[in-house]
Every structure is written in C-alpha cells, then in structure tokens.
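Breakdown of the fold
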Amino acid sequence: MTPQEFAAAYPKMLDWIHETLATYRRTARSVASMQFARLPLYFSDVLLQGTYCVPINRVPIPPLSSMGLERFTAFVQGDSDGITYLNTYFLKRRHVSNEALHFHELIHVIQWQSLGPERFLKTYAEGLERFGYENSPLEKVAYEAEDLFKRGRPVFDAERFVTAQLLRLGA
Ligand SMILES: [Zn+2]
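As the structure is a computational prediction, the values presented were derived from the model and not from experiment. (Residues numbered from 1 in each chain as written. Predicted model: local features only at pLDDT ≥ 70, side-chain atom pairs only at ≥ 80, totals over all residues. Heavy atoms only, no water.)

1. Side note on the sheet that holds strand 4 (residues 88-92)
Read from one edge of the open sheet, four strands run 1-2-4-3, paired in mixed fashion. Lying at the two open borders of the sheet, with one neighbouring strand each, are strand 1 (29-30) and strand 3 (82-85). With four bridges connecting them, strand 3 and strand 4 associate as antiparallel partners. Note that in strand 4 the partner of Ile83 across the bridge is Phe90. Along the sheet, helix 1 (residues 3-24) contacts strand 2 (52-56), strand 3 and strand 4; its crossing angle with strand 4, the most-contacted strand, is approximately 65 degrees. (Pairing = 2+ DSSP bridges. Helix = DSSP H or I, 4+ residues; strand = E, 2+ residues; numbered from the N terminus. Contact = heavy atoms within 4.5 Å. Axes fitted to C-alpha atoms, helices over the stretch in contact; angles between N-to-C directions.)

This is the structure:
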C-alpha cells in the first residue's frame, strides 16, 4: 500500500464507517449499560458510557478493493468475531456475553481515540500488510492486554497501558 493509495482510500473508508455506524445506531447499546463486572476495573466510566456495542451475525468489513486497496482480500473475506470502528464495535451475537472479547474491542477503541482515525487506519492497514493479522502491532497490543485480563491479575489501567504501548511502537 503506497501513501498515495492510502490517501485516496482514506476518505472512502471514513465515509463507509460513518454510514455503517448510522445504519446500526438503533441496535447499538452503551457498554456501560451491559453491566459487566470486571470491565469497570480497567476502563473509565466515561469510556464505557461513550462506547457502543452492536450485536450482529456477521461483522461489517469495508469493501477495500473497491476503494483501491487490493491487498487485503483475506481480511475482507475473513469472518472475524469482532471489529471496532471509532467508538463502536460489532460483535457476533454468540459472543455478546464474552467479557474478554469486549475487553479486546475496548482496547481498539482507545487506540482509535489515541491515534485518531487517519493514523489508526494507516497503522492498522500497514500492520496487516506487513505482519499479517495476529502479528500486526495494534492487534498484538490488544491480544496482550486481553491475555492479562483473562489471567485476572494484575488489574491495570487499560488506557495507560495502550498509551504506553503506542509510544513504544512509535505510532
Ligand atoms: Zn482486534
């Protein structure tokens, strides 16, 4: 993906994201309203109140090749359990009570906020292209944090954790 390809695709991705979020706004629930026991230990109330979850059968993925990004076929065709756009994440219905998956997507919400949409999408796409899904830097951070969450100890401030990891990445 060249910088020119990204620059041309970026406004289309952002439009697609806004349209998709608008489409599902009525079925979105604030994460705070879902009353998870452990998430409030890691995330601020402000974040949980301002983040939305949409339960869905298949998570929506932007049509990247029609946006000029041809090299993400595997990602576009994949069947992910969850995906985050800005302050909203989509989760497969059968995983909606899986607190660790919410935790994972909330890490992405913080990444979106810290980096801003343009740098998030650029970093995410570059990571996917260079390292593949699991080893892409933003996913590695999310999986690392999710593992700590599953182990239960130590409890940590997730926003600080993500900020420190982003500094380390130089992102
Ligand atoms: Zn992820």
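2. Considerations on the coordination of the zinc ion
Surrounding the zinc ion are the protein donor atoms His104 (NE2), His108 (NE2), Glu139 (OE) and Glu139 (OE), which sit 2.1 to 2.5 Å from the metal. Note that the zinc ion binds four donor atoms; their angles at the metal cover 55 to 151 degrees, and the shape is irregular. Motif for the zinc ion, donor spacing along one chain: H-x3-H-x30-E. A residue pair is termed long-range when its members are at least 10 positions apart, and His108 in helix 5 (residues 99-131) and Glu139 in helix 6 (residues 137-151) qualify at 31 residues. There is no split in this pair, since His108 and Glu139 are both buried. (Donors = N, O, S within 2.8 Å, 3.2 Å for Na, K, Ca; no water. Tetrahedral: all angles 85-135°; square planar, octahedral: opposite > 155°, others 65-115°. Buried < 20%, exposed > 50% of the residue type's maximum accessible area, 1.4 Å probe, protein only.)

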